[in-house]
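Observations on the three-dimensional arrangement
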Amino acid sequence: MSRSLLSSERARDFPEAESVSVLRCCVLAVVIGLGACASEESQQREGVFDDLGRFVTLDRPAQRIVSLSPATTELLFAIGAGDLMVGRTRWAEYPPAALDVPNVGDGLDPNVELIAAQQPDLVVFYASPSNAQAIELLDRLGIASVNVRMDSLGSVPRAARLLGGLSGTGSRADSMANAFQVRLDSARGASGIGSGPRVMILSWDNPPIIIGALSFLSQLLGLAGAMNVFADVERPSATVTMETIAERNPELVLLVGGNELPEFAERPEWQVVRAVRERRFVRVEGSEFSWPTFRALEAVGRLRAALVAARQ
Amino acid sequence: MMRWVVLGVSALLVIALAVAVGPARIPIATVAENLVGRGDSTSLAIVRELRLPRALLAFAVGGCLAVTGAVLQALVRNPLADPYLLGLSGGAGLAAVLAIAFRLGGAWAIPAAAFVGALAAITLVYRLALVSGAVLDTRVLILAGVVVSAFTGALLGAAASLSSAAELRNAMLWLLGGFDAASWRAFRVFVVYAVVPLGLLFYWSRPLDLLSLGEEPAQFLGADVERLKRLLYVVASLLTAACVAVSGVIGFVGLVIPHAIRMIWGHAHRTLLPAAFLLGGTLLTGADAVARTAFAPQELPVGVVTALVGVPAFAVLLRRWAK
């Protein structure tokens, strides 16, 4: 049972998995074809496919890495590549040592000049079409790029293996990834999905924006034994009407960060939602609730405790 | 007479429809029960505390936007004029975004900030338009509105690139407009506020007719043109500022509804303004009902629906009118 759950979630991690694999076959065919008739050098080169299906090769493990998302920055530190980092994004604040790495600004549509000034040999992008131009510019400067999509718990071990291979920390990354996968699988088996409270994760109050099924926060909630009342929304987040929230009538409202008693709780239109009227808010804080990390299972423990406390 | 009946009946029908439909599937009989105060608490709250005030607020805002659009088109004698032409939406948006960026507290922080920002933009545009002397030149007024919009837009862009991305995206969503924050209290505040400016604009129908002929003819025909222009500008802007405070910036209604009424009904403001109020309210209430239900449980920005529904209707009207 947990096996099939897992594979369906993996399929969801890769909405374009099929097209990517077709692409991979084509690229592989070309690479094999080239390898058959090309020089020795190209035969020796190894590479990996990134999360946008690009083939990434490095002459040697990366020595100077710029990471353009907080999630990959934390992951690089976790797999022991932190001392190779020469650039991070503005909001990458975990682990605290990351703050000593030079800040290169925003991660989406980033500042190529600032990145190039760090003289990296590998730039780790968040997999997004809006970065295409930056990647092309870096290509022309001879700087390699890799696209990593980290938006679910399943992507943590996958990204760890990918970045471990590129940064020369492969064996540590692999063992951490394997250990995490085992813990994740057993947590899935033990979570007792649906037995806990029905929860709404609220991201914004006006307009009301809720967290849907495709966010790792929804996964954390599931592992903590609770149910996301908006699990049918197949998106990371969505704007919904107040009426829908009132109808789904969540037992608890989960807020990530923010105030103990949020200000919108005073507004008249929110009084229609019972959990808000009765001030049944659960608040969790910390970067482990901002992006998927190896710390996710500790986050699940804290979340479960907070839910239990709020229910009593 | 027949036209008034059609307008009035469609207004009532669309309000009834907006109360009857929604993402929560409540049978029509239950809705009727709820309206008279019976039924289970969840559907009672949805119908009486969410749908009804929301439908009425959308109607009032749509009506007011259409009326201010008609007035501003006559004032600046430009068919492209709409309630936001004169820099007001930029001021409101900037203030709302700043309120979010600086985490101003309080349940009413965003609408209050938007209102203050709109007033600031109105004042600034008004001062700029008067630089050429004591006469309010409406061409300079448009220019002043455009440059103030450009300036607030630039500040908004600066704030957008400097503050935390997620919060700003949410502020922009608020600015796109909608009635998520509708409640009886918001509706009451809006109505109490809007009655006086709306009444004044209706009262000035005759001088507006004169003004739309041109400033010189209006003067010959006995209108105190200078005073009238200033009053119209200030009153119309104050009304728009309230619309922005309760619902963000909703486009299209104030631009196109007045033109549609002029095509089917003529240019006399005594009929144009009330008819625009009814049709604007009808369109916006209907559009909001579609926005809530079309992709339920997700919601579309209502401005998207007003344009998607309104543009084809307007195109048909334009073709018939051109024949």
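The sections below set out a description of the structure shown in this document. (Residues numbered from 1 in each chain as written. Chains lettered and ligands numbered in written order. Predicted model: local features only at pLDDT ≥ 70, side-chain atom pairs only at ≥ 80, totals over all residues.)

1. Overview of the overall build of chain B
Within chain B one finds 14 helices and zero strands. Computed over its C-alpha atoms, the radius of gyration of chain B comes to 20 Å, within 12% of the 20 Å expected for a compact globule of 323 residues. Considered along the principal axes of its C-alpha atoms, chain B spans approximately 65 × 55 × 35 Å. Sorting the 323 residues of chain B into buried and exposed places 50% on the buried side. By sequence separation, contacts in chain B at least 24 residues apart represent 74% of the contacts at least 6 residues apart. (Helix = DSSP H or I, 4+ residues; strand = E, 2+ residues; numbered from the N terminus. Rg over C-alpha atoms; globule rule 2.2 N^0.38 Å. Buried ≥ 20, exposed ≤ 12 C-beta atoms within 10 Å, placed from the backbone. Contact = placed C-beta atoms within 7 Å.)

2. Observations regarding the nonpolar core
In this structure, A:L163, B:L57, B:A96 and B:A276 are the most contacted members of the largest nonpolar core, which totals 188 residues. Residue contributions to this core peak at 22 residues, all from helix α3 (residues 41-76) of chain B. When neighbours within four sequence positions are excluded, B:L57 is seen to be in contact with B:F179, B:A182, B:A186, B:F187, B:F190 and B:V246. (Core = buried A, V, L, I, M, F, W, Y, C linked by C-beta atoms within 7 Å.)

3. Concerning the interface of chain A and chain B
On the chain B side, the residues contacting the 23 residues of chain A number 28 residues. Counting only elements with at least two residues in the side of chain A that touches chain B, the list comes to β8 (208-211), β10 (237-239) and α10 (242-248) of chain A. Looking at the side of chain A that touches chain B, the element that brings in the most residues is α10(A), giving five residues. Residue composition of the side of chain A that touches chain B, by class: twelve nonpolar, five polar and six charged. (Nonpolar A, V, L, I, M, F, W, Y, C, P; charged D, E, K, R; others polar.)

4. Comments concerning helix α9 (residues 216-223) of chain A
All names here are of chain A. Counting buried positions over the eight residues of α9 gives eight, a clear majority of the element. Taken together, the buried positions of α9 are F216, L217, S218, Q219, L220, L221, G222 and L223. On its buried face, α9 sits against α8 (170-190), β7 (198-205), β8, β9 (227-228) and α12 (296-311). Positive phi shows up at G225, right after α9, with a value of about 90 degrees.

5. A few points about the packing of α3(B) against helix α8 (residues 184-203) of chain B
In helix packing, the relevant descriptors are the interaxial angle and the interaxial distance, both defined with respect to the helix axes. All names here are of chain B. Interhelical geometry of α3 versus α8 gives an angle of 25 degrees and a closest axis separation of 10 Å. When the axis of α3 is compared with that of α8, the two are roughly parallel. For α3 against α8, the interelement crossing comes out left-handed. Of the residues in α8, those touching α3 at P53, L56, L57, A60, C64, V67 and V71 are W184, A186, F187, F190, V191, A194, L198 and L201. Here the contact of α3 with α8 is composed, by residue class, of 15 nonpolar, no polar and no charged. (Axes fitted to C-alpha atoms, helices over the stretch in contact; angles between N-to-C directions. Parallel < 35°, antiparallel > 145°, perpendicular 65-115°, else oblique. Left-handed = near helix turned anticlockwise from the far one by under 90°.)

6. Structural notes on the packing of α3(B) against helix α13 (residues 269-293) of chain B
All names here are of chain B. At a minimum axis distance of 6 Å, the contact between α3 and α13 shows a crossing angle of 140 degrees. With respect to their mutual orientation, α3 and α13 come out oblique. In this structure, α3 crosses over α13, and the sense of that crossing is right-handed. Taken together, the residues of the contact of α3 with α13 break down into 18 nonpolar, six polar and two charged.

7. Thoughts on the pairing of strand β5 (residues 122-126) of chain A
Side-chain direction in a regular strand flips from residue to residue, so the side chains alternate between the two faces of the sheet. Residues and elements named next belong to chain A. In terms of burial, β5 is a largely internal element, five of the five residues being buried. Every second residue of β5 is oriented toward a common face, with L122, V124 and Y126 on one face and V123 and F125 on the other, all of them buried. Where strand β3 (residues 65-67) meets β5, three bridges bridge the pair, whose relative direction is parallel. In the strand pairing of β5, S67 is matched with V124. As defined by bridge partners, β5 adjoins strand β6 (residues 144-148) across five bridges and the pair is classed as parallel. Note on β6: the bridge partner recorded for V124 is V146. (Pairing = 2+ DSSP bridges.)

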